[in-house]
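What follows is the residue order along each chain.
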Amino acid sequence: QQQVRQSPQSLTVWEGETAILNCSYEDSTFDYFPWYHQFPGESPALLIAIRPVSNKKEDGRFTIFFNKREKKFSLHIADSQPGDSATYFCAASPYNQGKLIFGQGTKLSIKP
Amino acid sequence: DPKIIQKPKYLVAVTGSEKILICEQYLGHNAMYWYRQSAKKPLEFMFSYSYQKLMDNQTASSRFQPQSSKKNHLDLQITALKPDDSATYFCASSPGTSQDTQYFGPGTRLLVL
């Protein structure tokens, strides 16, 4: 089934803490997993992405952990900043296709 | 300068009418997409085009028809509008369809009364 499940629906963490957002999938044809963020009134923008050949991808404070066996992947935001407050979407794309299947989104709030 | 232009930014329509949402990209990309975002379904894939050819259609209703007159254009015609069609429609593009980064336009917010 081409569906991506995302949790939690909303998350509040204190500034400086690590925020953890989780996603899971069932379709084995998925082989590209990006995370997008969206600020109010704006369009989604790519944050970081991973392919199953790796189980970890880092970009500054943002890290994706990928577990192919369990079909789960997560986004860790280290040293959270108030400017990170946004809605985060995980997504997955089937092999050799461009379409992105998005999760339901996590509204992240960082308390100063 | 904006690289992906969507027009109009806001659109109010009456039930049963027809509207065309415009999308132009100036990134030199070969693939273009339409997504829809509403309170019920946050980000939903609708169509993908590559070199002006339809690659994938996830929209059950034939009321939604993409139109590509030029390589960098992908408009969306919606007929017989319903209140449930109210959403923000995002156009996106990528260099190719092999899971390249997709860049989203600013969106057209459609309200059907």
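Our subject is the structure listed above.
Let me begin by describing the structure that accompanies this report. In this text, all values refer to a predicted model and were calculated from it rather than measured experimentally.

With respect to empty space enclosed by the protein
All names here are of chain B.
Here is step 1: Per the counting criterion, the structure on display carries one cavity of 30 Å³ or more.
Here is step 2: If you go around the largest cavity, the residues you meet are Asn30, Met32, Tyr49, Ser50, Tyr51, Gln52, Ser68, Lys71, His73 and Leu74.
Here is step 3: Tallied by class, residues from the lining of the largest cavity come to four nonpolar, five polar and one charged.

What to know about the interface of chain A and chain B
Interfaces are frequently sized by the accessible area removed from exposure as the parts join.
Here is step 1: Listed per partner, the contact involves 20 residues of chain A and 19 residues of chain B.
Here is step 2: Summed over both partners, the interface of chain A with chain B comes to about 1600 Å²; 51% of that surface belongs to carbon and sulfur atoms.
Here is step 3: Among the residues chain A hides against chain B, the three largest losses belong to A:Gly98, A:Lys99 and A:Phe102. Together they make up 28% of the total.
Here is step 4: Between the two partners, chain A and chain B, sit one salt bridge.
Here is step 5: Residue B:Asp56 is joined to A:Lys99 by a salt bridge in which the shortest nitrogen-to-oxygen separation is 3.2 Å.
Here is step 6: Where chain A packs against chain B, one counts seven residue pairs in polar contact (both at pLDDT 80 or more).
Here is step 7: It is strand β4 (residues 30-38) of chain A that provides the largest number of residues to the side of chain A that touches chain B, a total of four residues.
Here is step 8: Partitioned by chemical class, the residues of the side of chain A that touches chain B number nine nonpolar, seven polar and four charged.

With respect to the pattern of salt bridges
Here is step 1: Enumeration over the complete set of coordinates arrives at eleven salt bridges over all chains.
Here is step 2: The partner of B:Lys7 in a salt bridge is B:Glu24, and the shortest N-O contact between them spans 3.9 Å. Linking B:Lys7 in strand β1 (residues 4-7) with B:Glu24 in strand β3 (residues 19-25), this pair joins segments that are 17 residues apart in sequence.
Here is step 3: On the basis of relative accessible area, B:Glu24 is assigned to the buried category, the value being 12%.
Here is step 4: The network of salt bridges with common partners includes A:Arg69, A:Glu70 and A:Lys72.

Points about the pairing of strand β5 (residues 45-50) of chain A
All names here are of chain A.
Here is step 1: Bridge analysis of β4 against β5 gives five bridges, and the strand direction is antiparallel. Counterpart to Pro34 in the pairing with β5 is Ala49.
Here is step 2: The loop that links β4 with its antiparallel partner β5 comprises six residues; one of these, Gly41, has a positive phi angle of about 80°.

Thoughts on the state of the cysteines
Residue and element names in this part refer to chain A.
Here is step 1: Tallying each qualifying case throughout the model produces two disulfides over all chains.
Here is step 2: Shown here is the disulfide that connects Cys23 with Cys90, its sulfur atoms set 1.8 Å apart. Taking the torsion about the S-S bond as the criterion, the Cys23 to Cys90 disulfide, at about -95°, is left-handed. Remark: Cys90 occurs in strand β9 (residues 86-94) and Cys23 occurs in strand β3 (residues 19-25); sequence separation between them is 67 residues. For the residue pair Cys23 and Cys90, the accessibility class agrees, reading buried in each case.

Observations concerning the sheet that holds strand β8 (residues 75-78) of chain B
Strands belonging to one sheet form pairs held by backbone hydrogen bonds; the direction of such a pair is parallel or antiparallel.
Residue and element names in this part refer to chain B.
Here is step 1: Overall, antiparallel pairing links the four strands, which are arranged β1-β3-β8-β7 in an open sheet. Of all the strands in the sheet, just β1 and β7 (64-67) have a single pairing partner and so form its edges. The sheet shows a mean angle of 15° between the axes of neighbouring strands, direction not considered.
Here is step 2: Here three bridges tie β3 to β8, and the two strands are oriented antiparallel to one another. Bridging from a neighbouring strand, Ile20 pairs with Gln77 of β8.

Scoring rules and cut-offs
- Residues numbered from 1 in each chain as written.
- Chains lettered and ligands numbered in written order.
- Predicted model: local features only at pLDDT ≥ 70, side-chain atom pairs only at ≥ 80, totals over all residues.
- Heavy atoms only, no water.
- 1 Å grid on protein atoms, 1.4 Å probe; cavity = no way out; pocket = protein on both sides within 12 Å on 5 of 7 lines; lining within 4 Å.
- Points joined across faces, edges and corners; volume = space filled by probe spheres on them.
- Nonpolar A, V, L, I, M, F, W, Y, C, P; charged D, E, K, R; others polar.
- Contact = heavy atoms within 4.5 Å.
- Buried area = accessible area lost by both parts, 1.4 Å probe.
- Salt bridge = Lys/Arg side-chain N within 4 Å of Asp/Glu carboxyl O.
- Polar contact = N/O pair within 3.5 Å; in protein donor to acceptor, adjacent residues only side chain to side chain.
- Helix = DSSP H or I, 4+ residues; strand = E, 2+ residues; numbered from the N terminus.
- Buried < 20%, exposed > 50% of the residue type's maximum accessible area, 1.4 Å probe, protein only.
- Pairing = 2+ DSSP bridges.
- Disulfide = S-S within 2.5 Å.
- Axes fitted to C-alpha atoms, helices over the stretch in contact; angles between N-to-C directions.

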